[in-house]
Amino acid sequence: SAYSFMDGKIMKIWEADVLPETYTDTLPGTICHIDPKTGFTVACGNGSLLIRSLQLQGKKQMDTPSFMRGVHIEVGTVLQQS
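Below you will find a few notes about this structure. (Residues numbered from 1 in each chain as written. Predicted model: local features only at pLDDT ≥ 70, side-chain atom pairs only at ≥ 80, totals over all residues. Heavy atoms only, no water.)

1. Considerations on the layout of surface pockets
Here is step 1 of the chain: Taken as a whole, the largest pocket encloses approximately 250 Å³ of empty space.
Here is step 2 of the chain: What lines the largest pocket is a set of 14 residues, among which Tyr-3, Ser-4, Gly-29, Val-42 and Leu-79 lie closest to the centre.
Here is step 3 of the chain: Broken down by secondary-structure element, the contributors of at least two residues to the lining of the largest pocket are β1 (2–6), β4 (39–43) and β5 (48–56).
Here is step 4 of the chain: Considering each element in turn, the lining of the largest pocket owes the most residues, three residues, to β1. (1 Å grid on protein atoms, 1.4 Å probe; cavity = no way out; pocket = protein on both sides within 12 Å on 5 of 7 lines; lining within 4 Å. Points joined across faces, edges and corners; volume = space filled by probe spheres on them. Helix = DSSP H or I, 4+ residues; strand = E, 2+ residues; numbered from the N terminus.)

The following block contains the structure:
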């Protein structure tokens, strides 16, 4: 797994797809696309990741669409490094 931080809590990423789309004008770690059926896409330095399964600190692991039904996420949100 990989991890990042969301709202000061550790967010473990359990499953993600590497996508070729590169968001050149976007800071790495920025949520750049949201699809309620598949998950959200995060810009990387080269390409991007479609997050499919994750776990927020203190919560159980779940697929991203289920997570998004309980946690409000917006395009432009930046996941923190620490």
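2. Details of the packing of aromatic side chains
Here is step 1 of the chain: All told, the structure shown has one aromatic pair when counted by the stated rule.
Here is step 2 of the chain: With centroids separated by 5.9 Å and ring planes inclined at 85°, the aromatic side chains of Tyr-3 and Phe-5 adopt a geometry described as edge-to-face.
Here is step 3 of the chain: Judged by relative accessible area, which is 55%, Tyr-3 ranks as exposed. (Phe/Tyr/Trp six-rings, centres within 6.5 Å; stacked < 30°, edge-to-face > 60°. Buried < 20%, exposed > 50% of the residue type's maximum accessible area, 1.4 Å probe, protein only.)

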